[in-house]
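# Chain and residue survey
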Amino acid sequence: MTIVTDHRLSTAQGAGSASLEADPDGRASDFFALLKPRVMSLVVFTGLVGLVLAPGDLNPIIGFTALLCIAVGAGASGALNMWYDADIDARMSRTQSRPIPSGRVSAGDAKAFGIVLSVASVLTMGLLVNVLSAALLAFTIFFYVVVYTMYLKRRTPQNIVIGGLSGALPPVIGWAAVTGTVSIESLSLCALIFVWTPPHFWALSLVKAADYGAVGVPMMPNVAGPESTRRQILAYAVLLAPLGLAPTLLGFAGLVYGVAAGLLGLVFVALSVRLYLKRDDRAAMQLFGYSILYLFLLFALLLVGRLAGLP
Amino acid sequence: MSVMPISEMHRRRRSRNIALGLALVAWVVIIFLVSLVKVSGG
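All figures in this text were calculated on a predicted structure; none of them were measured in a lab.

### A look at the layout of surface pockets
What the second largest pocket holds in volume is close to 1000 Å³. Lining the second largest pocket are 26 residues, with A:Val72, A:Phe113, A:Leu117, B:Leu20 and B:Ala23 positioned closest to its centre. Secondary-structure elements contributing two or more residues to the lining of the second largest pocket are α3 (28-34), α5 (60-84) and α7 (107-128) of chain A together with α2 (14-39) of chain B. The class makeup of the residues in the lining of the second largest pocket is 20 nonpolar, four polar and two charged.

### Overview of the packing of helix α4 (residues 37-53) of chain A against α5(A)
Residues and elements named next belong to chain A. Where α4 contacts α5, the two axes come as close as 9 Å, and the packing angle between them is 145°. The hand of the α4/α5 crossing is right-handed. Contacts between α4 and α5 involve Met40, Val43, Val44, Gly47, Leu48 and Leu51 from the first element and Gly63, Ala66, Leu67, Ile70, Ala71, Ala74 and Gly75 from the second. Residue classes in the contact of α4 with α5 are distributed as 10 nonpolar, three polar and no charged.

### A look at the interface of chain A and chain B
Of the residues lining the interface, 18 residues belong to chain A; the matching set on chain B comes to 12 residues. When chain A packs against chain B, close to 1200 Å² is buried across both sides, 62% of that on carbon and sulfur atoms. Contact with chain B buries area across many residues of chain A, yet A:Asp25, A:Ile61 and A:Leu128 alone supply 40% of it, more than any other trio. Run the count over chain A and chain B and you get zero salt bridges. Connecting chain A to chain B are four residue pairs in polar contact (both at pLDDT 80 or more). Those elements that place two or more of their residues in the side of chain A that touches chain B are α3, α5 and α7 of chain A. Ranked by residues supplied to the side of chain A that touches chain B, first place goes to α5(A) with five residues. Among the residues making up the side of chain A that touches chain B, the classes are represented as 10 nonpolar, four polar and four charged.

### Points about the domain arrangement of chain A
All names here are of chain A. Domain assignment breaks chain A into domain 1 (21-182) and domain 2 (184-311). The C-alpha-based centres of domain 1 and domain 2 are spaced at 22 Å. The interface is formed by 31 residues belonging to domain 1 together with 32 residues belonging to domain 2. For the pair domain 1 and domain 2, the two sides together bury roughly 2900 Å², of which 78% comes from carbon and sulfur. Summed over the shared surface of domain 1 and domain 2, the result is zero salt bridges.

### Comments concerning the nonpolar core
Residue and element names in this part refer to chain A. Formed by 89 residues in total, the largest nonpolar core has its most connected members in Leu34, Met125, Phe268, Tyr294, Leu298, Phe299 and Leu302. Looking at this core element by element, the count peaks at 12 residues for helix α17 (residues 281-308). Beyond its immediate sequence surroundings of up to four residues, Leu302 is in contact with Val49, Leu53, Leu189, Pro247, Ala253 and Tyr257. Counting residues in hydrophobic clusters, the runner-up holds five residues, among them Leu35, Met40, Ala76 and Leu117.

Calculation notes
Residues numbered from 1 in each chain as written. Chains lettered and ligands numbered in written order. Predicted model: local features only at pLDDT ≥ 70, side-chain atom pairs only at ≥ 80, totals over all residues. Heavy atoms only, no water. 1 Å grid on protein atoms, 1.4 Å probe; cavity = no way out; pocket = protein on both sides within 12 Å on 5 of 7 lines; lining within 4 Å. Points joined across faces, edges and corners; volume = space filled by probe spheres on them. Helix = DSSP H or I, 4+ residues; strand = E, 2+ residues; numbered from the N terminus. Nonpolar A, V, L, I, M, F, W, Y, C, P; charged D, E, K, R; others polar. Axes fitted to C-alpha atoms, helices over the stretch in contact; angles between N-to-C directions. Left-handed = near helix turned anticlockwise from the far one by under 90°. Contact = heavy atoms within 4.5 Å. Buried area = accessible area lost by both parts, 1.4 Å probe. Salt bridge = Lys/Arg side-chain N within 4 Å of Asp/Glu carboxyl O. Polar contact = N/O pair within 3.5 Å; in protein donor to acceptor, adjacent residues only side chain to side chain. Domains from an automatic or database assignment. Core = buried A, V, L, I, M, F, W, Y, C linked by side-chain atoms within 4.5 Å. Buried < 20%, exposed > 50% of the residue type's maximum accessible area, 1.4 Å probe, protein only.

This is how it looks when you write it as structure tokens:
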């Protein structure tokens, strides 16, 4: 741990020497970028679906507040992730233009920003919505920042498997905001995202393996090899396809959703088989792109199905 | 009494200070609205 921390600090100082000497005055847009807005939008969307599907009524203003807290909490996690990972971000082409490695925001400012927003989002959720959703939000932030970012990411190829729990919890938080409970229905949505995460990330890491290898992050292709990664992607896809049917089987989504989820799951498996057989970057990127579409469509179908009263 | 002129640092930080101010106002408005909802039994 000491070695990793020392290395992190020395590299961050090297990458952002300007930030330490000149105390950069990040613009509002730089701080907004620290919130990882693209990730935040997916988190808000799945949280919204959990909120809409939950039985019971919630005043729209309180519902909006719950979503805002989820969004700010997710953004705060992103800022703290960028603070801690500034050293490896500076050495990867995909991330070196982020606010800290590019010297637009100092590491200290990013850390303070993340901590303040984390505390504010959890307290606001607890005071204005309910205690359970606030506790779940606090656990999600803790799991992403401490368990995933600080511990798992640099130590094990199972990093995104276990760490994926933090990305899977927003529908549970949304559901808890309405009902004040955690139920089998919300946990099924959580399981869906949890099982979706490994094939989604591993498809990308097959293509970016060299980048991850150069900075010492033990992604599955670097540790177990591409062949094993493709096999594991296929295994997760086979597990994911029936999990997509859970909302219909548990009775909180209709037949239209069930049929669509079945077909979308089959396409996911087919693209995973194709990646396993073809073994090229193009097939990996196609699966990566499709995985985003798959999750978006499933949750959009759940949302539309409930709002439009589809069978 | 002389007024201290706005420094270069203040100018550079203007956009982020405005954003921070707006965020704080929005937070107060949300707390106010939710308080109204809760008081009225919503």
